[in-house]
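What the coordinates show
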Amino acid sequence: PCKVDLDTLVENVVWSTCDPIAAFATSRLDDNDKEKFQVLFVNNEGGLILNSVITHTAAARVMEWQPNGRVLAIGWSDGMVSCWNVDGKTRPTSTFSGSSQHNSAITVLKWNPAGKRLITGDKSGTVNVWVVDNRGTLTPSRQYRKRSHVTAAVFCVIPPKLDSQRKIDLKKTYSPAFFFGTDRGGVVYADDLGHCTEVQHLSSSIDKMLFFEEQSRLVIITRSLLLTQYHVAEDGRVTRVSQVKLGVSKDVADGGIRSCVWAGPGLLAAATGEKMVRLLDLSSDESYNLSLSMVGDAVDRSDRVMVVAFSPMDRYLAVGTRMGMIIIWKYNSILKTSKEGSGSGIAQGDWELHYKTSLNSPVRNILWSHGQGTLMAVTDSGAIILSEAVMQQGMCGRLSVVQVSTMHVSVHLDLDDAWIENTRILVRGMSVADSSFVTWDGKNALVCTVNLQSHRSTILEPFSCTSNAIVIADSKHISEDALFISENSMVKVTNYGGVQKGSITFSEAEGRPEHLHICGKFLYVVTANFYVKVFDVNKPTMPKLLGSAGRFTDPATGSVKSSKLSIRSIRGNATGSRVAIMTSHVEGSLKVQHPDSRLHIFDRIKGSVNVYDFTHQSRYPARANWDNFDDRLIVVEAVRMQSAGTNSAPGGSGASPKAQTDGAETKADAADKPKATIEGENLHEVVLLFASTEHGILLQDSFPRDSSHGDLLGIAVPNIYFRNAVPSMSAGDGTPTGNRHTVKILAKVMRDFVGVNQIDDATKYALLEFSFNLTLGKLDEAYRAVKAIDSPFIWENMAQMCVKTKRLDVAEVCLGNMGHARGAAALRESMKENSPDVSVGILAIQLGLLDDAARLFREAGRFDLLNTLYQAAGQWEKAISLAKAHDRLHLKTTHYHYAKFLESIGDVPEAIYHFEQSETFRTEIPRMLYSLGQVEELEDYVHHSNDSALLKWWAAYLESKERYDKARKYYLKSGDYLSLVRILCFQGDFQKAADIVQDTKDNAATYHFARQLESQGQLQEAISYYAASGCYNHAIRLAKAYGMDTELMTFAIKSTPSLMLDCATHFEQKGDLEKAVQLYHKGGDYLHALDICFRVGQSGDAVGVTRQQRSAIFDMVNIIAQDLGADTSPQILARCAEFLVMHRQFEKAVELYIMARRYPQAIEMCMQQKVNITEEMAQLLTPPSDGFDSNERKEILANLGRALKKQGSFTLASKKYTQAGDRIRAIKCLLRGGDTKAVIQFASISRNAEIYKLAANYLQQMDWRDGEIMKAIITFYSKAKAYEQLAGFYDSCAQVEIDEYRDYEKAYRALKESMKYLREAKGRHIEEMVSTLESRLSLIERFVTARKCAKKDPDEMVAICENILEEPQLDMAIRVGDCLAMLVEHFHHTGDMRRAYQYMLDMKERRILLHPYIDAEVLDDVHRAVGVPLDDDKQDDDVGSDRDEDEIVEEVDEVDDEIEEEKAQFNRSGRYGGGKYRK
């Protein structure tokens, strides 16, 4: 208990981050009944630190130590904030005290991670940011005010993105932003730069605020038990990630969460006032509970968890309950980080119950110290410190010292002589030299010297010492006795009384010395910044540094990861060349530590680090010791890492928690160690390693630690030394309960030294060289090292090394020298398999290395041999498990062999089970029980069995004993109705036999009963039962013999095809052709059935068949035809088709011809009988490429195309012509089909000139003004090189432009194209055509020019037109009406109506209708001007519109006469201007 007054109430407690000091906030009543408030300080043993009391008139509401500093900040209930510098040695000094910033009680007080900022909040809603200097003085920086009570705060550790110039300047002064919460649910983001923003508002008061640094999440728990997670961006913006309601009972929900702490990266542990601790894994969104029921009966059922605390260093989770229980769980698996994502969270099975004790008073608060294994518990009756007693031990030379209680050690010389020594101080650390040892407790240290001759020890006076890193050396190795003590930034050198004689200093860059070890005259020091230094301290006051300081780096990255690694311990060798370093991983912002699976060996000569990784063994190095004789040899004790989800306690000795209070109980000792088995998962493994500069770290040997051995003490070739289990301690005073021989030192001889009697230094050296060379695989050097030593164990060790090196040739020699004839023979036999791993595995078996053999068989994939090995070793459960997983082929065999083994040892029930699993129980169990004379047990086994074979066997056994009634019972149970009916018929009980047959419908029983009835002459019944049994051959046999044709047909239909055909022959012979056809059909003889049908169809009356029978037979043919398929014989198909043709069933006949692959006949029938050929039928009529000659197939396809063309299926016909290779006919069919797109597509891929021409000719008939069609026409003519046709196409285009659109310019361009292609054409008339076309082009060009001159130069236009009109064959170039109309319009426009009328008359003379060329308004004006009625002209224009061509011809002649007469009249009067116009 903490030594405070009984009437003092402890309100709050906090541990210092630097020193083992705790600060208590207390209150008590003084002599005047006034409440007195104090802050007291105690050490880690509960002792009150005198003259270290802080008194104030108000209560200390909140307290927190500065991170990595000695300043304690206190927030008082009157609004004062004060800081005190406390080191536990001198009186606390106040560095700051101020009350002007707050006017109400302080509720929140938080340091930033660097200890350079302090935030405080009070009940009135004021939040202050303070800047802290190096002396602990506070300076107000910012103040924020809210209208609500500040309830929680947390710093948001997200470093901002700084540019390279500011990064160095702001690195030391940077303070992260923070969040604080209020009782009204406000969540406020603020910093020390003046930013303050409410970013969220929740529905109830905020009780807890935490920051999940690994995923940048703000975690908030409200009074209404709402757990909300927000992702925090670098600019302070928050985004809600999740929100869940914590499901707790109603009474708990009213009070909110009582205590909530981080228990790992992303893992929250919450005390909710229930019977459990709730753990919430935020990284995987999973949760689970640690129930108080796991503790057992020590916890009352009504007890509740009130507070919870977690120690990152030890991975302990402690809870305090309402009834005063302290329960500690330990996390035993490899810690998973939050970065591993979902599904990698911590599980309930990862926690192991570690310790429990009762404090007999409700626990109000618990808190772990920042050191190792110290827990403070605050109860209603005071404060109690629980301290874990880690059992210390050490060995040097002949001297071994083992701690047996908190103040007692067991001193051993050699192996036998031992005694108990009371150190009079708590033993928290120990260092052992050859003839002395030192212990310390964090306040004092004392030295005990041992007289090696008298076997007596002397305790020297303790001296003050607060260091936790001390080593001792005596005059055997150095010039004088000395202690080396780490203190601040130096290592003090003192005598055994603590008087300083010298020192070794370290720079600030190197850091303070944290770990010390001495071996011989060499002192090893590792600093806080991972610097490794080795000193020669032969003269302690004048230490000599060997080489320069090295840096311990991670070999994988080459960098120092001081934030990710923590050194647990170091061990140096006897020559100052190497130091072994064991580390722990540090995870997350909590800095949770778990052991590193790697052993690091720092080579001082090379300045490098070598690593031996135990990860593949799922272990970590717990202890290590170098051999003083060979500086390369180190022994390591590797402890298995607890796998996730297991709940096994660590074995062996080690830490044993001890509460420094009455009534505390220690953790129970571990159960017996697991026995060594093949591939056994032993908790502790002892590993021997060679470490050399040239070869790195090499495995020499490994073996499981014996169950009688405790922790590793050391090595001195040829022995490895262990201690036994830790002796139990009494519950109260800490004295040992056993005698002085409770602790024993045990030795194990190294493998290579077994059997060697005389061991001097030369022998040691030879055998160590032998071991080293074996480890390197240098067998020749190993042989030379020990050839002078006569010991069979040497050869055995070399043979064992051959297992590791797989040197089978050397192994044969070793087995020969050992005289191991059986092993040599087995090895030679195994080498025949040509599998090295298998041969080495056989060698390992012969040498007794079963673990290696199992490993080799597994690596070789020979699970059958591994299974056999397990069986031979009696590892039956492993054998069966292996067979289930990897060797299922031998699973039943394994069960069988195990059953035989169990039978041999008399375990009959288990043997029965495994015989059943091997499925040999039907014979083996009766054999076993019968041979043992256990017939009644056999009958009982059979009676309770449901296996029909076994029941039948037992029934047959009873029948052989003439116990028919019981036999019938077991036959019935087994379902063997045949045997049951057989016995009944034998007994003459035919009625019961008939009942059984009727009820069971068993075919075998029915058949046997029918045989019995036949033998009795009951034929009708026998036939029925034969049929019922499915034996139709017997039923048919009797029906034929006795003329039962009706029954015969019935049975024949149900029988096999051979019986059907036999019956069909029978009916055919009897003339019953209808039944014969039906049976031939059913039996599969279609040809015979069709032959009968043909005979009936051709001469039905001649064969005596009635019309009705002929109709039935014809129906049968239809049925046969429907049943025919592609696999039917072509002869049958053709035969049936002929029959259908004969009866005019053409479509069905075509189908059969197709199935018979008689395609020409099918096509011919379609053409002759006009059977419509569908697309599906056309596909069926297409011959396959295999089975037909190429020409024959083309001919069939051509015929099919003609048939389709004849039926108007032009598209299908084109397809078939294409398949036949006749593309010309194919395109012609498409042309007839009128599918323009198909024509274009087909022609595009044909590459045939004729097809191109046909397609182009066809497309000219379409609307070729469509761009795609015109393009296709030009393309096709061009590809076909049909330039004459292409020229003609352009000519047609030009004519259309003239006739329909009067667009002479486009017509001119088209004729130019026509000219271009016409000149490329070849032919007799091409020159003439070119000449004609040139003439036309000339005329059109002149006319186009005239049209262009109509506005600019009308006279030129008139002249050109009159010249054109005089040209012969003008109609071949332009339309004359267009030229005359243009003149009419021109003169109408100029007002010369008579000349306009003259040209109109010329148009009439040329038989050109006026209205298509001249507007009606122009016609009106001209006729009115010349005085000629328009109606006459219209009548003239419309002449012949309603008459036939002959009348029109006659009228034309009359009109010509009138025109000539009228023209002569106008000429006489001179109206045409001097006769310029010539006809």
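Residues numbered from 1 in each chain as written. Predicted model: local features only at pLDDT ≥ 70, side-chain atom pairs only at ≥ 80, totals over all residues. Heavy atoms only, no water.

**Comments concerning the overall build of the protein chain**
To keep it simple, the criterion reads: Numbering of helices and strands runs from the N terminus; a helix is a DSSP stretch of H or I covering at least four residues, while a strand is a stretch of E covering at least two. Exposure classes here rest on a 1.4 Å probe applied to the protein chains alone. A residue is buried below 20% of its type maximum, exposed above 50%, and partly exposed in between. Any two residues whose heavy atoms approach within 4.5 Å at even a single point are treated as in contact.
If you tally the helices and strands in the protein chain, you get 46 helices and 61 strands. Within the span of the protein chain, comprising 1479 residues, buried residues form 50% of the whole. For the protein chain, the share of sequence-separated contacts (at least 6 apart) that also reach a separation of at least 24 residues comes to 48%.

**Here's the deal with the sheet that holds strand 53 (residues 608-613)**
Under the convention used in this document: Strands pair, by our definition, only if DSSP identifies at least two bridges between them. Angular values range over 0 to 180 degrees, each being the angle between N-to-C directions of two axes fitted as lines to C-alpha atoms, with helices fitted over their stretch in contact.
Read from one edge to the other, the open sheet built from four strands follows the order 50-51-52-53, with strand pairing classed as antiparallel. If you trace the sheet from one side to the other, it starts and ends with strand 50 (565-572) and strand 53, each paired once. Adjacent strand axes in the sheet meet at a mean angle of 30 degrees, parallel and antiparallel pairs treated alike.

**What about the packing of helix 40 (residues 1326-1352) against helix 41 (residues 1354-1365)?**
Worth spelling out the cut-off: Orientation is classified from the angle alone, with under 35 degrees giving roughly parallel, over 145 giving roughly antiparallel, 65 to 115 giving roughly perpendicular, and any other angle giving oblique. Crossings are assigned a handedness: left-handed for a near helix turned anticlockwise from the far helix by less than a right angle, right-handed for a clockwise turn.
Contact geometry for helix 40 and helix 41: axes closest at 7 Å, N-to-C directions at 155 degrees. The pairing of helix 40 with helix 41 is recorded here as roughly antiparallel in orientation. Both helix 40 and helix 41 take part in a crossing whose hand is left-handed. Contacts between helix 40 and helix 41 involve Leu1339, Arg1342, Phe1343, Thr1345, Ala1346, Cys1349, Ala1350, Lys1351 and Lys1352 from the former and Pro1354, Glu1356, Met1357, Ile1360, Cys1361, Asn1363 and Ile1364 from the latter.

**Looking at unusual backbone geometry**
A negative phi angle characterises most non-glycine residues, just as the trans form characterises most peptide bonds. Going from Val717 to Pro718, the amide bond is cis rather than trans, its omega being 15 degrees. Within the fold, Pro718 resides in the loop between strand 59 (712-716) and strand 60 (719-723). The phi dihedral of Ser618 is positive, around 55 degrees, even though this residue is not glycine. Its place among the elements puts Ser618 in the loop between strand 53 and strand 54 (619-626). Note on Ser618: relative accessible area 40%, which makes it partly exposed. One non-glycine residue, Glu962, adopts positive backbone phi at about 60 degrees. Structurally, Glu962 can be placed in the loop between helix 16 (948-960) and helix 17 (964-974). Exposure remark for Glu962: the relative accessible area of 59% places this residue in the exposed category.

**Observations regarding the sheet that holds strand 27 (residues 325-331)**
The strand order across the open sheet built from four strands is 25-26-27-28, with neighbouring strands paired in antiparallel fashion. Taken across any chain shown, the strands that pair with only one partner, and hence form the sheet edges, are strand 25 (305-311) and strand 28 (351-358). Here the average twist between neighbouring strands, direction ignored, is 20 degrees. When strand 26 (residues 316-321) meets strand 27, the two strands line up antiparallel, connected through five bridges. Looking at the pairing, Gly320 lines up with Ile326 of strand 27.

**Some remarks on the nonpolar core**
Our working rule: For our purposes a nonpolar core is just a set of buried Ala, Val, Leu, Ile, Met, Phe, Trp, Tyr and Cys residues, chained together by side-chain atoms within 4.5 Å.
In terms of nonpolar packing, the biggest core is built from 101 residues, with Ile1173, Ile1374 and Ile1414 touching the most fellow members. Among the elements that line this core, the one with the most residues is helix 40, at ten residues. Leaving out residues up to four positions away in the same chain, Ile1173 has contacts with Cys1166, Ala1178, Leu1181, Leu1200, Ala1203, Leu1204 and Gln1207. Ile880, Leu902, Val981 and Ala1076 belong to the second-largest nonpolar core, a separate cluster that totals 59 residues.

**Considering a nonpolar patch on the surface**
Heads up, the condition is: For patches, a residue must show more than 30% relative accessible area and have no salt bridge; joins then use 9 Å for like charges and 5 Å for nonpolar side chains, namely Val, Leu, Ile, Met, Phe, Trp and Tyr. Reported accessibility uses the Shrake-Rupley method at a 1.4 Å probe radius. Residues are deemed covered only where the shown protein chains occlude them. Salt bridge, as used here, is a side-chain nitrogen of Lys or Arg placed within 4 Å of a carboxyl oxygen of Asp or Glu.
There is a patch of nonpolar side chains on the surface, built from Val749, Val754 and Phe793 and spanning about 210 Å² of accessible area. The topology assignment puts Val749 in strand 61 (residues 745-749). For Val749, a relative accessible area of 39% corresponds to the partly exposed category.

**Focus on the pairing of strand 52 (residues 592-603)**
Counting buried positions along strand 52 yields twelve of twelve residues, so the element is predominantly enclosed. By the bridge criterion, nine bridges tie strand 51 (residues 578-587) to strand 52 in an arrangement that is antiparallel. Following the sheet pairing, Ser584 is matched in strand 52 by Pro595. Counted along the chain from strand 51 to the antiparallel partner strand 52, the turn is four residues long, and its residue Gly588 has a positive phi close to 70 degrees.

**Section: the packing of aromatic side chains**
Note the following rule: Put simply, two rings from Phe, Tyr or Trp (the six-membered ring, in Trp's case) pair if the centres are within 6.5 Å, and we call them stacked under 30 degrees between planes, edge-to-face over 60, tilted for the rest. Should the NZ of a Lys or the CZ of an Arg lie within 6 Å of a ring centre and within 35 degrees of the ring normal, that charge is described as sitting over the ring.
In the structure shown here, the tally under the stated rule is 25 aromatic pairs. Grouped by ring-pair contacts, the aromatic residues Phe155, Phe178 and Phe180 constitute a single cluster. Positioned above the aromatic ring of Phe703, the side-chain terminus of Lys748 is 4.9 Å from the ring centre. One Lys or Arg, Lys764, reaches over the ring of Phe629 and ends 5.4 Å from the middle of that ring.

**Focus on the pattern of salt bridges**
Tallied over the full model, the rule gives 40 salt bridges. With its nearest N and O atoms 3.1 Å apart, the salt bridge here joins Glu919 to Lys892. In this pair, Glu919 sits in the loop between helix 13 (908-917) and helix 14 (921-931) while Lys892 sits in helix 12 (residues 891-904), placing the two residues 27 residues apart along the sequence. On the accessibility criterion, Lys892 (42% relative accessible area) is partly exposed.

**Quick look at the environment of Val1358**
On the secondary structure map, Val1358 appears in helix 41. Placed 28 residues apart in sequence, Val1358 and His1386 show a C-alpha to C-alpha distance of 8.4 Å. Once residues lying within four places of it in the same chain are set aside, the contact partners of Val1358 are Leu1383, His1386 and Phe1387.

**Brief notes about the side chain of Arg705**
So the rule is basically this: Polar contact is the term for a pair of N or O atoms within 3.5 Å; when the atoms are in protein, one must be able to donate a hydrogen and the other to accept it, and sequence-neighboring residues count only if both atoms are side-chain atoms.
For Arg705, the location among the structural elements is in the loop between strand 58 (696-704) and strand 59. At 3.4 Å, the side chain of Arg705 and the backbone oxygen of His709 are in polar contact. A polar contact is formed between the side chain of Arg705 and the backbone oxygen of Gly710, at a distance of 2.8 Å.

**Describing the side chain of Asp303**
Tracing the backbone shows Asp303 in the loop between strand 24 (286-291) and strand 25. Looking at Asp303, its side chain comes within polar contact range of the side chain of Thr321, at 2.8 Å. Reaching out from Asp303, the side chain makes a polar contact with the backbone nitrogen of Met323 at a distance of 3.0 Å. Ignoring any residue separated from it by four or fewer positions in sequence, one finds Asp303 in contact with Lys275, Leu292, Thr321, Arg322, Met323 and Met325.

**Points about the environment of Asn468**
Note on placement: Asn468 falls in the loop between strand 40 (463-464) and strand 41 (470-473). A relative accessible area of 59% places Asn468 in the exposed class. With 17 residues separating them in the primary sequence, Asn468 and Ile485 have C-alpha atoms 8.3 Å apart. Ignoring any residue separated from it by four or fewer positions in sequence, one finds Asn468 in contact with Trp440 and Gly442.

**Quick word on helix 19 (residues 990-1000)**
Cut-off, in case you're wondering: Summarising the geometry, the arc corresponds to the directions from the helix axis toward the C-beta atoms.
Inspection of helix 19 places Ala993, Ala994, Ile996 and Val997 among the buried residues, and these make up the whole buried set. Down the axis of helix 19, the smallest arc covering the buried residues is 160 degrees, so these residues share one side. In helix 19, the exposed residues that point more than 90 degrees away from the buried face are Gln991 and Asp999. As for helix 19, its buried residues are in contact with helix 18 (977-986), helix 20 (1003-1015) and helix 21 (1019-1028). Positive phi appears at Lys1001, one or two residues downstream of helix 19, with a value of about 60 degrees.

**Some points on helix 36 (residues 1249-1260)**
In plain terms, the rule: Helix span, expected: 1.5 Å multiplied by one less than the number of residues in the helix.
Taking 1.5 Å of rise per residue, the twelve residues of helix 36 would be expected to cover 16 Å, and the 17 Å separating its terminal C-alpha atoms lies within 8% of that figure. Buried residues of helix 36: Ile1251, Tyr1252, Leu1254, Ala1255, Ala1256, Tyr1258 and Leu1259, and no others.

**A closer look at the packing of helix 33 (residues 1210-1220) against helix 34 (residues 1223-1233)**
Applied cut-off: Just so you know the grouping, Ala, Val, Leu, Ile, Met, Phe, Trp, Tyr, Cys and Pro go in nonpolar, Asp, Glu, Lys and Arg go in charged, and all remaining residues, Gly too, go in polar.
Viewed as axis vectors pointing N to C, helix 33 and helix 34 meet at an angle of 170 degrees, and their least axial separation amounts to 8 Å. What the angle tells us is that helix 33 and helix 34 run roughly antiparallel. Facing helix 33, whose interface residues are Phe1210, Ala1213, Ser1214, Tyr1217 and Thr1218, helix 34 presents Arg1223, Arg1225, Ala1226, Cys1229, Leu1230, Arg1232 and Gly1233. Of the residues contributing to the contact of helix 33 with helix 34, the split by class is six nonpolar, three polar and three charged.

**Structural notes on the confidence of the model for the protein chain**
Which entries qualify depends on this criterion: Each residue carries a pLDDT score, the predictor's own confidence in it, on a scale running from 0 to 100.
Residues of the protein chain with pLDDT of at least 70 account for 83%, and the chain-wide mean is 80. Low pLDDT (under 50) marks residues 1434-1453, which in the prediction has ten contacts with non-local residues, meaning those over four places away or in another chain. Segment residues 1462-1479: pLDDT under 50, and 19 contacts once partners within four positions in sequence are set aside and those in other chains are kept.

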